[in-house]
Protein chains: 2
Amino acid sequence: MFPYHAPVRDFRFVLEELLEHRSLDLPGFEETSSELVEAVLDEAARLAGDVWAPLNASGDRQGCRLEGDKVQLPDGFIEAYRAYVEGGWNGIGVPAVHGGQGLPEVVASAVQEMLHGANMALGLCPMLTAGAIEALAHHGSDAQKALYLPKLVEGTWTGTMNLTEPQAGSDLSKVRTRAVPCEAAEGDHYRLTGQKIFITWGEHDAAENILHLVLARTPDAAEGNKGISLFLVPKFLVNADGSLGARNDVICTSLEHKLGIHGSPTCTLSFGEQGGAIGYRVGEEGRGLNHMFTMMNAARHKVGVQGIGVAERACQHAFAYARDRVQGRLPKSRGGAECPIGDHLDVRRMLLSMRARTDALRALALYCADQLDVARHAEDAGDRQAAQAKADVLIPVVKAFSTDQAVEIASLGVQVHGGMGYIEETGAAQLLRDARIAPIYEGTNGIQALDLAGRKLQRDGGTALAGLIDEVEGTARALCVTPGLAALGEGLAAGAADLTAALATLLEEGSDPKRGPDAIQAYATPFLSLTGHVLCAWQMGRAALKAMAAEEAGSDDPGRPDPGRPDPFYTAKRQSADYAIRQWLPVGRAQRAVIEAGMASLAAFDPDTQ
Amino acid sequence: MFPYHAPVRDFRFVLEELLEHRSLDLPGFEETSSELVEAVLDEAARLAGDVWAPLNASGDRQGCRLEGDKVQLPDGFIEAYRAYVEGGWNGIGVPAVHGGQGLPEVVASAVQEMLHGANMALGLCPMLTAGAIEALAHHGSDAQKALYLPKLVEGTWTGTMNLTEPQAGSDLSKVRTRAVPCEAAEGDHYRLTGQKIFITWGEHDAAENILHLVLARTPDAAEGNKGISLFLVPKFLVNADGSLGARNDVICTSLEHKLGIHGSPTCTLSFGEQGGAIGYRVGEEGRGLNHMFTMMNAARHKVGVQGIGVAERACQHAFAYARDRVQGRLPKSRGGAECPIGDHLDVRRMLLSMRARTDALRALALYCADQLDVARHAEDAGDRQAAQAKADVLIPVVKAFSTDQAVEIASLGVQVHGGMGYIEETGAAQLLRDARIAPIYEGTNGIQALDLAGRKLQRDGGTALAGLIDEVEGTARALCVTPGLAALGEGLAAGAADLTAALATLLEEGSDPKRGPDAIQAYATPFLSLTGHVLCAWQMGRAALKAMAAEEAGSDDPGRPDPGRPDPFYTAKRQSADYAIRQWLPVGRAQRAVIEAGMASLAAFDPDTQ
């Protein structure tokens, strides 16, 4: 497997030039300088490239083993996780009030992408912990926060999310795990019994303790969503002084045999085989699903970022292979010499497609993270609300579009390698196998599309998305008047027009009291795809403007071999933007026609005849 | 893993209604009745479903093992292969003059699809044998045919194709394996030394003997393509009476560890470690690559069919899961009850998309097979040439488009299963892993696109494809005047117009002496995708016309529970056609814009800056 080099140059481009370090001007980030951000990115790149990345292939080969109820992680994973904890990385995005370093979400997201690009299976462990931190920070009592948060934020304890049961996947109202309150004399806790499946990093020895956040049903509670509450079930009970007490009644009974992320233990957890696992309610009774949803936005953004990390690594592998592998010859008009395959334009199409899409997805995900920073920290309440409204629309797009594209990018990466791509030792196939989970978990991409087309757009009548489209149109106008970029402006404007039209169709048909819910279901996925294409193209349009200006100014870096000439980074960025808008966006724009074809054949088709 | 039911009903629809059993009227098929064809399909379906399909998952889990230089196949594979041989299946498409049953290619293709859908890894064994049969039948001497063909056609011996070497993949001019003629006293054979990689079914004990067809370079031969000849290297030498002689000097030195098709041994073969493997030249000296290419057309069609087989199985798994899995509720307007996920229109979109694409790919592949039958058997030379010209254009499309789509269909199949799709035991992931090789081998899909956009279209100035487009336009006109199908006619006509325009661009820019070769490289892949979409939509347009007529006539089958009412097969077919033309074709049509965006950014992009 080729090494992984974190794309620090591109992170800097997005943070400094596209987002203009806006977050550093927000209240609360007074101490965060751009130099500090650079240093953080450089350090994270070292951890990712030197410590985590070398374990990616071996972790896949070895996988996890269950011995008794103990999970054996792949060699080196415990040490690599410890290096991460000791470097203080677990708390970088957590507010200082909870013991974190409180860096902006844009910076934390960049670091997350690097870690997932280096080793997605290992990256899942802190990703789940972050969810547990959010759950406790938002909904825990002060006592719970004081007892549990410091270790979680350090990373010496890790967290899990226990939602799924065999009969309760996308439909969590069917959760059956039971939580029964103890007698008053025993304490204020509950006893949980039941089985949870697909629990990521549900059991391991990389941390001293594991805090399971568990959805369960209280006795006599209402059926459906309202009977479900959220519980904290520690692997080891925690004494009042923070020391570890008895082993709780929750064990791992099996590990899943999965297509990918073999280094991440996916556990079936059994609660209460010895009489009931001790659990503490987090937040209000009957509001477990609501509490879970507050942290889902953040988690979904992280899964999108994870997809981008894997896509970036697939790019790096493909470019490295295409540079090294000599096969065939240049056309006679270019000299006819033997050449690396990256010189054949058909292969170069794959490379440029991978690069342009990955860059575009990254820019959009970080734009979204920047909105989250504004939503949390801006002085003005109106600014906060507007940013939150944008982020609410963007998050399902970042999650679903990035992960669908990541699978395609990883698959193209296999293709660039030809026959070698199908051989596991090459590493390209692992990236495809790993990437394939991201469109499924943390709410399938179909659920994301319904969240966007249903809840998010219907509740504000599409206002937030229309605001984003206005910005797309502004960028299109700027491109149109920039010499050399007018064709990009026209392409982007056409995309914006398609999205506007599709939004109108969705709002109109979606609001029909009778056919509305089916129309939303029918149009959701093509609508999300169209939105993703247009917003990614928009980010690349903005990148093209910056790159063109930088190319014209020339490089003033005296350290470059050719000072005064354009930095090739900007030239490549402008070419990627050209590809994204003129050769990738058209495929997305076709989704307007898909929507306008209507829902009749879909509604009439009877899967039972098959 | 769900069982596999061969789609006999759809094969019959395509053969009887779309192709109107044209092949049975050709000279040479006088003895082949439509009843015989039906019986063959039914018998093949039994072999595929009852014998081959149950070994698909276990074969994947067990894989192949190398013990010494012996390959251990998965349990049951030898018996399943023997059942195939004993049933006489290996020779069904081979002309009677070579000992086969000489059934039309359309029938043989249908049987191939079933076998690959049942067990792609096992299906590869006879697929490679078929290539060896073609090579010998076309280029072998009479003595070679007499000695080797009968056992190959029976299937008691199997064949392999030895092309690839580490430095010679897509570029076979770099083959280094050497073949040195023996002293005249020793005989008329050669001694081969060298190493071949990626040899499918290169070693195994399912057959008594293995005949390796090997590309190798003769001494003092010219560099490049012209120095390469084709050799037959039997695993066991064959005595003049057909009995087996000494073990030849060719051994399997390792097996590849692959993403999928674990039940198919992919071997590294070493020739001549003990002084030289005995080989017999097949055909002319220096024309090895040409001889190989004559059989590649057939092999490429088979790989396309293989992709369709896996896509069909992915459909069946997804439909079965979506029928069984209850999750969520219907919209209130449809009663609000708990429902299987296939009732949610977002899931149904995936199902219909899988079904419509698989049906369309099958219809196109069988249309192409039908052209091959005409090309081989028609009385009139003009008819034969016209059909061959069509087939030449269609084959790279069938290979590349079917296999690219099969990967997407198998990936959608994983998605329909949600989290269960990522668990290997479910079986959906295996189909994705297996399918992923098909866009790579037998000429990568990029090579197919270059074959279409370069060799095939440039040599006849696009005449054969233009003829196909004429037929597409004819179908579009027929749809436009059929009540209920006019929208399909308009969609199909628009697709035909896009393809016509893209063809003009490709021919114009491709013929430029300086930029032509790069333009062909730049446009090849989007052009093939556009062609595949339009031709598949065309087949579904033809299917819609037949289905609509049948629906209007009603069923006259007294055995149906509701005689007189339309057979739901036709209703579903019409809905699939609607989806294919109105919701799938638009995505393909976008490839015209991709081509018209030009090649500048692609040509300028420098992969070395990454």
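Bear in mind the structure is a predicted one, so any value in this text is a computation, not a measurement. (Residues numbered from 1 in each chain as written. Chains lettered and ligands numbered in written order. Predicted model: local features only at pLDDT ≥ 70, side-chain atom pairs only at ≥ 80, totals over all residues. Heavy atoms only, no water.)

Caption draft 1: Expanded view of the pattern of salt bridges. Following the criterion strictly, the structure yields 72 salt bridges over all chains and no others. The residue arginine 357 of chain A makes a salt bridge to glutamate 408 of chain A at a minimum N-O spacing of 2.9 Å. Pair noted here: arginine 357 of chain A is in helix H8 (residues 345-377) and glutamate 408 of chain A is in helix H9 (residues 381-416), with a separation of 51 residues, a long-range link. For glutamate 408 of chain A, a relative accessible area of 42% translates into the label partly exposed. With a closest N to O distance of 3.2 Å, arginine 12 of chain B and glutamate 16 of chain B form a salt bridge. Pair noted here: arginine 12 of chain B and glutamate 16 of chain B are both in helix H1 (residues 8-18), with a separation of 4 residues, about one helical turn. Owing to a relative accessible area of 30%, arginine 12 of chain B belongs among the partly exposed residues under this scheme. Since its relative accessible area comes to 27%, glutamate 16 of chain B is described here as partly exposed. If you follow the salt bridges from partner to partner, you end up with Asp10, Glu113, Glu312, Arg355, Asp359, Arg362 and Lys573 of chain A in one network. (Salt bridge = Lys/Arg side-chain N within 4 Å of Asp/Glu carboxyl O. Helix = DSSP H or I, 4+ residues; strand = E, 2+ residues; numbered from the N terminus. Buried < 20%, exposed > 50% of the residue type's maximum accessible area, 1.4 Å probe, protein only.)

Caption draft 2: Structural view of the pairing of strand S7 (residues 228-234) of chain B. Residues and elements named next belong to chain B. Taking burial as the measure, the 7 residues of S7 include 7 buried ones, the bulk of the element. Alternating positions in S7 separate into two faces, Ile228, Leu230, Leu232 and Pro234 on one and Ser229, Phe231 and Val233 on the other, with burial throughout. The pairing of strand S6 (residues 209-217) with S7 spans 7 bridges and is antiparallel. The residue of S7 that forms the bridge with arginine 217 is isoleucine 228. Relative to strand S12 (residues 277-282), S7 is paired through 3 bridges, and the arrangement is antiparallel. Across the sheet, phenylalanine 231 pairs through a bridge with arginine 281, a residue of S12. (Pairing = 2+ DSSP bridges.)

Caption draft 3: Summary view of the nonpolar core. Membership of the largest hydrophobic core comes to 400 residues, with the highest contact counts inside it found for Leu192 and Phe527 of chain A together with Leu192 and Phe527 of chain B. Beyond its immediate chain neighbours, meaning those up to four positions away, phenylalanine 527 of chain B contacts Leu452, Leu457, Leu465, Leu499, Ala502, Leu503, Leu506 and Ile595 of chain B. (Core = buried A, V, L, I, M, F, W, Y, C linked by side-chain atoms within 4.5 Å. Contact = heavy atoms within 4.5 Å.)

Caption draft 4: Representation of the interface of chain B and chain A. Counting residues at the interface gives 87 residues for chain B and 87 residues for chain A. A salt bridge links glutamate 338 of chain B to lysine 174 of chain A, with the shortest nitrogen-to-oxygen separation between them at 2.8 Å. Here chain B and chain A share 56 residue pairs in polar contact (both at pLDDT 80 or more) between them. The class makeup of the residues in the side of chain B that touches chain A is 38 nonpolar, 26 polar and 23 charged. (Polar contact = N/O pair within 3.5 Å; in protein donor to acceptor, adjacent residues only side chain to side chain. Nonpolar A, V, L, I, M, F, W, Y, C, P; charged D, E, K, R; others polar.)

Caption draft 5: Seen up close, the relation of the copies chain B and chain A. For the pair chain B and chain A, the best superposition has an RMSD of 0.0 Å and corresponds to a rotation of 180 degrees with a translation of 0.0 Å parallel to the axis. Taken together, the rotation and translation relating the two chain copies correspond to the operation of a two-fold axis. (Least-squares fit on C-alpha atoms with pLDDT ≥ 70 in both.)

Caption draft 6: Fine view of the UniProt feature "domain: Acyl-CoA oxidase/dehydrogenase middle" (unreviewed entry) in chain A. Sequence positions flagged by UniProt for "domain: Acyl-CoA oxidase/dehydrogenase middle" (unreviewed entry) are, in local numbering, residues 161-271 of chain A. Its end C-alpha atoms 14 Å apart, residues 161-271 of chain A is made of 0% helix and 47% strand. (UniProt positions renumbered as here; feature names shortened; annotations may be inferred.)

Caption draft 7: Highlighting helix H4 (residues 77-86) of chain B. All names here are of chain B. Every buried residue belonging to H4 is among Phe77, Ala80, Tyr81, Tyr84 and Val85, and all of these are buried. Projected down its long axis, H4 shows its buried positions confined to an angular sector of 140 degrees, all on one face. Exposed and oriented more than 90 degrees from the buried face of H4 are Glu79 and Glu86. In the stretch just after H4, glycine 88 is the one whose phi turns positive, near 80 degrees. (Arc of directions from axis to C-beta.)

Caption draft 8: Up close: the pairing of strand S3 (residues 157-162) of chain B. Burial runs high along S3 of chain B: 6 of the 6 residues are buried. Burial along S3 of chain B is two-sided: Trp157, Gly159 and Met161 of chain B and Thr158, Thr160 and Asn162 of chain B, pointing in opposite directions, are all buried.

Caption draft 9: Local environment of the side chain of aspartate 249 of chain A. Residue and element names in this part refer to chain A. Mapped onto the elements, aspartate 249 comes out in the loop between strand S9 (244-247) and strand S10 (250-255). Of the buried charged residues, aspartate 249 lacks a salt bridge, with arginine 191 as the closest side chain of opposite charge at 5.8 Å. One polar contact links the side chain of aspartate 249 to the main-chain amide nitrogen of glutamine 274, over a distance of 2.8 Å. Beyond its immediate chain neighbours, meaning those up to four positions away, aspartate 249 contacts Ser270, Phe271, Gly272, Glu273, Gln274, Gly275, Gly276 and Ala277. (Lys, Arg positive; Asp, Glu negative; His and termini not counted.)

Caption draft 10: Highlighting the domain arrangement of chain A. What the domain assignment lists for chain A is domain 1 (157-287) and domain 2 (446-605). Spacing between the C-alpha centres of domain 1 of chain A and domain 2 of chain A amounts to 41 Å. (Domains from an automatic or database assignment.)

Caption draft 11: Spatial organisation of unusual backbone geometry. Residues and elements named next belong to chain A. Of note, the phi angle at histidine 21 is positive, near 45 degrees, even though the residue is not glycine. By the secondary structure assignment, histidine 21 is in the loop between helix H1 (8-18) and helix H2 (34-52). Backbone geometry places glutamate 442, a non-glycine residue, at a positive phi of 60 degrees. Among the structural elements, glutamate 442 can be located in the loop between helix H10 (428-435) and helix H11 (445-459).

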